[in-house]
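# Observations on chain architecture
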Amino acid sequence: MSISQPRLRSMLRQADKVAANGKRSAAEDLYRQITEEAPESAAGWAGLAGVLLDPAEREQAYEKALALDPKNKAALVGLAELRGEPIPEFPEEVVEEPEPEPVDEHDHGYTAVTPDEDEEEEAHIYYCYRHPNRETSLRCYTCGKPICIDCARKTSVGYSCPDCQRELQDKYFNATNTDYIIAAVLAVVLGVIGGVVIGFIGALTGFLFWIIMFFVGGAAGSFIGGVLKRAIGRRRGRYLPMIVAVIMVITTILPVLTLGGGFIGMIIYLVTAVPAVYYQMR
Ligand SMILES: [Zn+2]
Ligand SMILES: [Zn+2]
């Protein structure tokens, strides 16, 4: 026995729940973890067979379960169904223990050895699917996989696992490669225009221009960000705000240095306009 009985029971219960909730691939992950850690668990193999898609793989898993426990009910029924054979009957005599037991206990092919109170408590102890040694009571609200507090991300609806978070983010960040190119090219054009304006006017005027920049910088940044955002159909890119901000800084500094003027106006412009662009691009 490679893992403890209570842990195996807890993992099986958890996998069964996830499977019962129709989270097939999450349940497959959990059963695979069980058969990896406890390859001697007939219930683990039978459970895995129940959620696999490939008929050959399913048959193999059922056969493994029956090799370990020839009386495993789930495997006998599942295999018969899979092969289109008549579903075997299960007279009461087949049941090993005469006293009645909870149904799900039987399906696993194991016998309860702990008192009911312990069972109740155990039902809430899971093991993080990324840290199999960490006990946790948290589960992902989307896929039902157990997660430790380090892996869990609190959202408004509950805890979410990193896999589901990434999936959500992939949906959130929907900008295409073309969007990146359009935004970058447009940012260069608008950035250079801004830089040239500051370089020229800044070199000619002085203090008044700094004050104007102070008030106009944020609006200019918002305007540029708005134009870029519209140009890419308001889609969001994970790295777009950063890329555009860097382009803005470079395309502002270069013309000002070339034209030799308006340094203070430029600094004021940068600290007001660039954050505004960044904010718009998020
Ligand atoms: Zn974890
Ligand atoms: Zn999840």
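Look a little higher up for the structure.
Conventions used here
- Residues numbered from 1 in each chain as written.
- Chains lettered and ligands numbered in written order.
- Predicted model: local features only at pLDDT ≥ 70, side-chain atom pairs only at ≥ 80, totals over all residues.
- Heavy atoms only, no water.
- Donors = N, O, S within 2.8 Å, 3.2 Å for Na, K, Ca; no water.
- Buried < 20%, exposed > 50% of the residue type's maximum accessible area, 1.4 Å probe, protein only.
- Helix = DSSP H or I, 4+ residues; strand = E, 2+ residues; numbered from the N terminus.
- Phe/Tyr/Trp six-rings, centres within 6.5 Å; stacked < 30°, edge-to-face > 60°.
- Lys NZ or Arg CZ within 6 Å of the ring centre and 35° of its normal.
- Contact = heavy atoms within 4.5 Å.
- Polar contact = N/O pair within 3.5 Å; in protein donor to acceptor, adjacent residues only side chain to side chain.
- Core = buried A, V, L, I, M, F, W, Y, C linked by side-chain atoms within 4.5 Å.
- Domains from an automatic or database assignment.
- Axes fitted to C-alpha atoms, helices over the stretch in contact; angles between N-to-C directions.
- Parallel < 35°, antiparallel > 145°, perpendicular 65-115°, else oblique.
- Left-handed = near helix turned anticlockwise from the far one by under 90°.
- Nonpolar A, V, L, I, M, F, W, Y, C, P; charged D, E, K, R; others polar.

### Digging into the coordination of the zinc ion (ligand 2)
- Around the zinc ion (ligand 2), the protein contributes the donor atoms Cys140 (SG), Cys143 (SG), Cys161 (SG) and Cys164 (SG), at 2.2 to 2.4 Å from the metal centre.
- In primary-sequence terms, the residues that donate to the zinc ion (ligand 2) follow C-x2-C-x17-C-x2-C. The same class applies to Cys140 as to Cys143, namely buried.

### Quick notes on the coordination of the zinc ion (ligand 1)
- Coordination of the zinc ion (ligand 1) by the protein involves Cys128 (SG), His131 (ND1), Cys148 (SG) and Cys151 (SG), with metal-donor separations of 1.9 to 2.3 Å.
- Going along the chain, you hit the donors of the zinc ion (ligand 1) in the pattern C-x2-H-x16-C-x2-C. Here Cys128, found in the loop between β1 (126–127) and β2 (135–136), pairs with Cys151, found in the loop between β2 and β3 (153–154); they are 23 residues apart in sequence, far enough to count as distant.
- Looking at Cys151, the relative accessible area reads 7%, which means it is buried.

### Quick look at the packing of aromatic side chains
- Summed over all chains, the structure comprises two aromatic pairs.
- With a centroid separation of 5.0 Å and an interplanar angle of 80°, the aromatic rings of Tyr172 and Phe173 are classed as edge-to-face.
- Between the aromatic rings of Phe214 and Phe215, the centroid separation amounts to 5.7 Å while the plane-to-plane angle is 90°, which identifies the pairing as edge-to-face. Phe215 carries the same exposure label as Phe214, and that label is exposed.
- Between the NZ or CZ atom of Arg139 and the centre of the ring of Tyr126, over which it lies, the distance is 4.8 Å.

### Concerning the side chain of Thr272
- Mapping Thr272 onto the fold places it in helix α12 (residues 263–281).
- What makes Thr272 buried here is its relative accessible area of 18%.
- Residues within four places of Thr272 in sequence aside, it is in contact with Met213, Phe214, Gly217 and Gly218.

### Some details on helix α5 (residues 73–83)
- Every buried residue of α5 is listed here: Ala75, Gly78, Leu79 and Ala80.
- Turning to α5, the residues buried within the fold contact α3 (42–51) and α4 (55–68).
- For α5, the side-chain oxygen to backbone nitrogen distance between the N-cap and Ala74 is 3.2 Å, and the N-cap itself is Asn72.
- Of the residues trailing α5, Gly84 is marked for its positive phi of about 70°.

### Quick word on the nonpolar core
- If you look at the biggest cluster of nonpolar residues, it comprises 37 residues, and the most contacted ones within it are Tyr31, Ile34, Ile147 and Cys161.
- When contributions to this core are tallied by element, the ones reaching two or more residues are α1 (5–20), α2 (24–37), α3, α4 and α5.
- Ranked by the residues each element gives to this core, the list is headed by α3, at six residues.
- Domain assignment of the residues forming this core places at least three in each of domain 1 (5–124) and domain 2 (125–172).
- Non-local contacts of Ile147, meaning those with residues more than four positions away in its chain, are made with Cys128, Tyr129, Thr136, Leu138, Arg139, Cys140, Ala152, Tyr159, Ser160, Cys161 and Pro162.

### Quick look at the packing of α3 against α4
- Two numbers describe how α3 lies on α4: the axes approach to 8 Å, and their chain directions differ by 160°. As summarised for this structure, α3 and α4 are arranged roughly antiparallel, according to the angle between their axes. Helix-helix and strand crossings are classified by hand; for α3 and α4 the assignment is left-handed. Where α3 approaches α4, its residues Ala42, Trp45, Ala46, Ala49 and Gly50 are matched on the opposing element by Arg58, Ala61, Tyr62, Lys64, Ala65 and Leu68.
- Residues of the contact of α3 with α4, tallied by class, amount to eight nonpolar, one polar and two charged.

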